[in-house]
Amino acid sequence: MVGGFLVSAIMAVVALRQVSKGGRGKGLAMAALVVSAAWMLVLATAVLSGEKGASGSVGSLRPGDCVNGLRDSGTLLSLPIVSCTEPHEGEVFAIITLAGDDWPGAQAAAEAAQSQCAESFLGYAPTAANDARLALYFLHPTERSWGQGNHSATCIATDPAGKRSGSVRG
């Protein structure tokens, strides 16, 4: 699409040069140039608009956000946010705060996040809490992020069988 708009803009400029040498159609060449510029602006706006589908840092996720890019290991710094009406891997249902001032260790942080996420899911989607097809996934702080003041865990409902469309709330 960008190539087509670029070619049309170049052709409009060439037409303007030819028209200035004594030909007719200056208005038509100007209109072509304006339309090409307008389409380029529309395209640029769509690309840069931060539409749902952009990546969100893990710290900016909120309950109700649907995401892709979940994986079983490693540190996740951002996830692609998508519309919940589109196929997605998970839905954020809670952001919880883990207790304590000192780093509890990775295992204890994971266990606390898992327990608190399970409790929170009952409040977010009570009818889905008994759905055996759903699993809970959580992102918990690392020792480094804990030391920087991040004591939050992000709770995400997933369907291990694959992507789903629609909210877990029904």
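Note: the structure precedes this text.
Okay, so let's go over this structure. Not measured: the values here are computed from a predicted model.

**A short note on the state of the cysteines**
So, point 1. In total, this model carries two disulfides according to the counting rule given.
So, point 2. With a sulfur-sulfur separation of 1.9 Å, C66 is cross-linked through a disulfide to C84. Taking the sign of the S-S torsion, 100° for the link of C66 and C84, the bridge is right-handed. Residue C66 is found in strand 2 (residues 66-67), and its partner C84 is found in the loop between strand 3 (78-82) and strand 4 (90-97); the two are separated by 18 residues along the sequence.
So, point 3. A disulfide bridge connects C117 with C155, and the sulfur atoms are separated by 2.0 Å. The chirality of the disulfide connecting C117 with C155 is left-handed, given an S-S dihedral of about -80°. Remark: C155 occurs in strand 6 (residues 152-158) and C117 occurs in helix 3 (residues 106-124); sequence separation between them is 38 residues. Of the two residues, C117 and C155, neither departs from the other in class, the shared state being buried.
So, point 4. Each bonded cysteine of the protein is numbered by sequence order, and under that numbering the disulfide pairs are 1-2, 3-4.

**Observations concerning the pattern of salt bridges**
So, point 1. Scanning the entire structure with this criterion turns up one salt bridge.
So, point 2. Salt-bridge contacts for D131 lead to R133; the nearest nitrogen and oxygen are separated by 2.9 Å.

**Considerations on helix 3**
Structural remark: α-helix, 3.6 residues per turn; residues separated by three or four positions point the same way.
So, point 1. Relative to the 27 Å expected for 19 residues at 1.5 Å per residue, helix 3 spans 26 Å between its end C-alpha atoms, a close match to the ideal helical length.
So, point 2. Those residues of helix 3 lying buried are A109, A110, A113, C117, F121 and Y124. An end-on view of helix 3 places all buried positions within 95° of arc, on one side of the element. Exposed residues on helix 3 whose side chains face more than 90 degrees from its buried face are Q107, E119, L122 and G123.
So, point 3. Of the surrounding elements, those touching the buried residues of helix 3 are strand 4, strand 5 (135-139) and strand 6.

**Brief notes about the packing of aromatic side chains**
So, point 1. All chains considered together, the criterion is met by three aromatic pairs.
So, point 2. Ring centres 6.0 Å apart and planes at 40° place the aromatic pair F93 and Y124 in the tilted group. Here F93 is found in strand 4, whereas its partner Y124 is found in helix 3, with 31 residues between them in sequence. Just as F93 is buried, Y124 falls in that class too.

**A look at the pairing of strand 6**
So, point 1. Among the seven residues in strand 6, six count as buried, and that is most of the element.
So, point 2. In terms of strand pairing, strand 4 meets strand 6 through seven bridges, oriented antiparallel. From the neighbouring strand, V92 faces strand 6, where its bridge partner is I156.
So, point 3. Inspection of the sheet shows strand 5 paired to strand 6 by five bridges, in the antiparallel sense. The partner of L136 across the bridge, within strand 6, is A157.

The rules we used
- Residues numbered from 1 in each chain as written.
- Predicted model: local features only at pLDDT ≥ 70, side-chain atom pairs only at ≥ 80, totals over all residues.
- Heavy atoms only, no water.
- Disulfide = S-S within 2.5 Å.
- Helix = DSSP H or I, 4+ residues; strand = E, 2+ residues; numbered from the N terminus.
- Buried < 20%, exposed > 50% of the residue type's maximum accessible area, 1.4 Å probe, protein only.
- Salt bridge = Lys/Arg side-chain N within 4 Å of Asp/Glu carboxyl O.
- Expected span 1.5 Å × (residues − 1).
- Arc of directions from axis to C-beta.
- Contact = heavy atoms within 4.5 Å.
- Phe/Tyr/Trp six-rings, centres within 6.5 Å; stacked < 30°, edge-to-face > 60°.
- Pairing = 2+ DSSP bridges.

Limitation: the analysis is restricted to geometry and does not speak to function.
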